[in-house]
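# Examining the three-dimensional arrangement
Letter by letter, the chains look like this.
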Amino acid sequence: MIFDILTIFPDFFRSPLREGVLHRGIEAGLISVNPVNLRDFTSDRHRTTDDRPFGGGEGMVMKPEPILRALESLQISPSDAKVILMSPRGRVFDQSIAQELAEQGRLVIICGRYEGIDQRISDHCVDMELSIGDYILSGGEVAALVVMEAVCRLVPGVLGCGDSARNDSFSNGILEHPHYTRPRSFRGWEVPQVLLSGDHAAIAKWRRREALRVTMCRRPDLLERARLDPEDLKLLDELREEKH
Ligand code: JEW
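Residues numbered from 1 in each chain as written. Predicted model: local features only at pLDDT ≥ 70, side-chain atom pairs only at ≥ 80, totals over all residues. Heavy atoms only, no water.

### Digging into the site of the ligand
Within the structure, the ligand sits among 16 residues, and Met86, Tyr114, Ile132, Gly133 and Leu137 are positioned closest to it. Taking Gly133, its main chain carries an N or O atom lying 2.7 Å from a nitrogen atom of the ligand. Leu137 is positioned with one of its backbone polar atoms (N or O) 3.1 Å from a nitrogen atom of the ligand. Here the ligand, which alone exposes 490 Å², has 86% of that area covered by the protein. The element contributing the most residues to the shell around the ligand is strand 5 (residues 82-92), with 3 residues. Of the residues in the shell around the ligand, the class split is 8 nonpolar, 6 polar and 2 charged. (Near = heavy atom within 4 Å. Polar contact = N/O pair within 3.5 Å; in protein donor to acceptor, adjacent residues only side chain to side chain. Areas by Shrake-Rupley, 256 points an atom, 1.4 Å probe, with all protein chains shown as cover. Helix = DSSP H or I, 4+ residues; strand = E, 2+ residues; numbered from the N terminus. Nonpolar A, V, L, I, M, F, W, Y, C, P; charged D, E, K, R; others polar.)

Okay, structure coming up:
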């Protein structure tokens, strides 16, 4: 997977690319990240990437020329890459979009700043606009990192076998059960007895029930879309009984 990141802050990506899953994917030769400095595609002495909005008003808008010239420099045809624009107006990013994007060989991610980019780039050069959620950011860089990390994890071989099973557990659609590690008694706070029992069937059932419990309490919206089997539905009924 190749990620080309169009930004006026290419250095922003330095440390995130030296750690964690992105670093691992790069080291393994499974992904490569190419930060492209939009200022390198300006033609004036001040390397200007923004300008005042037509119609007047507050703030600045990213000029279209440097973005188009940067895109052209990548020499990609529509079949070998998707062009993504990070924007609060985009589809809200989730795991199913991450899966869809992981099937691509190359993603070009445009990061705006200020009030965003000239609409004509979005109209004529962008395949998909993505938002990472309903809060205000100062630009697309942090959002692009979120998308890259989520997609990178899904590229075959980037995660170890154990870790990649975790993808399946989230696509199951519910939150995870609580986790505990040593010591079994910590400042008088005990680990649930069943986890120490060695009874694997009882542990599996407890974990499933606690996963359903935390999802029901905190993210009931997830339960509506989750893939639940008859046993899950029975456990949920029991949990609802407990509540009353
Ligand atoms: C995102 C690119 C470029 C936010 C989320 N937020 C916001 C906002 C901005 C300008 C005008 C109006 C609203 C800031 N901004 C961006 C924000 C992406 C830009 C400027 C963004 N995903 N992506 N949640």
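On we go.
### Let's talk about the domain arrangement of the chain
How large an interface is tends to be reported as the accessible area lost when its parts come together. Segmenting the chain into domains produces domain 1 (2-161) and domain 2 (185-243). In this structure, domain 1 and domain 2 have C-alpha centres spaced 39 Å apart. (Domains from an automatic or database assignment.)

### Overview of the packing of aromatic side chains
Tallied over the entire structure, the rule returns 2 aromatic pairs. Here Phe186 and Trp189 contribute two aromatic rings whose centre-to-centre distance is 5.7 Å and whose plane-to-plane angle is 70°, an arrangement assigned as edge-to-face. (Phe/Tyr/Trp six-rings, centres within 6.5 Å; stacked < 30°, edge-to-face > 60°.)

### Structural notes on the packing of helix 8 (residues 200-218) against helix 10 (residues 230-243)
Working note: a packed helix pair is described by the angle between its axes plus the distance between those axes. Direction vectors running N to C along helix 8 and helix 10 enclose 60°, while the axes themselves pass 10 Å from each other. As summarised for this structure, helix 8 and helix 10 are arranged oblique, according to the angle between their axes. Seen along the crossing, helix 8 lies across helix 10 with a hand that is right-handed. Only Glu231, Asp232, Leu235, Leu236, Glu238, Leu239, Arg240, Glu242 and Lys243 of helix 10 make contact with helix 8, whose side of the interface consists of Lys205, Arg208, Arg209, Leu212, Arg213 and Met216. (Axes fitted to C-alpha atoms, helices over the stretch in contact; angles between N-to-C directions. Parallel < 35°, antiparallel > 145°, perpendicular 65-115°, else oblique. Left-handed = near helix turned anticlockwise from the far one by under 90°. Contact = heavy atoms within 4.5 Å.)

### Quick notes on the environment of Gly160
By secondary structure assignment, the location of Gly160 is in the loop between helix 6 (141-152) and helix 7 (161-171). On the accessibility criterion, Gly160 (23% relative accessible area) is partly exposed. Along the sequence, Gly160 and Glu238 sit 78 residues apart, while their C-alpha atoms lie 36 Å from each other. (Buried < 20%, exposed > 50% of the residue type's maximum accessible area, 1.4 Å probe, protein only.)

### Digging into the nonpolar core
If you look at the biggest cluster of nonpolar residues, it comprises 34 residues, and the most contacted ones within it are Phe3 and Leu101. Looking at this core, the elements that each hand over two or more residues are strand 1 (2-7), helix 2 (20-27), strand 5, helix 4 (95-102), strand 6 (106-110), strand 7 (128-131) and helix 6. Per-element accounting of this core gives the leading share, 8 residues, to helix 6. Those residues in contact with Phe3 that sit more than four places away from it in its chain are Ile31, Ser32, Val33, Asn34, Leu107, Ile109, Met148, Val151 and Cys152. The next biggest cluster of nonpolar side chains, apart from the first, holds 19 residues, and it includes Ile8, Ile67, Leu85 and Ile117. (Core = buried A, V, L, I, M, F, W, Y, C linked by side-chain atoms within 4.5 Å.)

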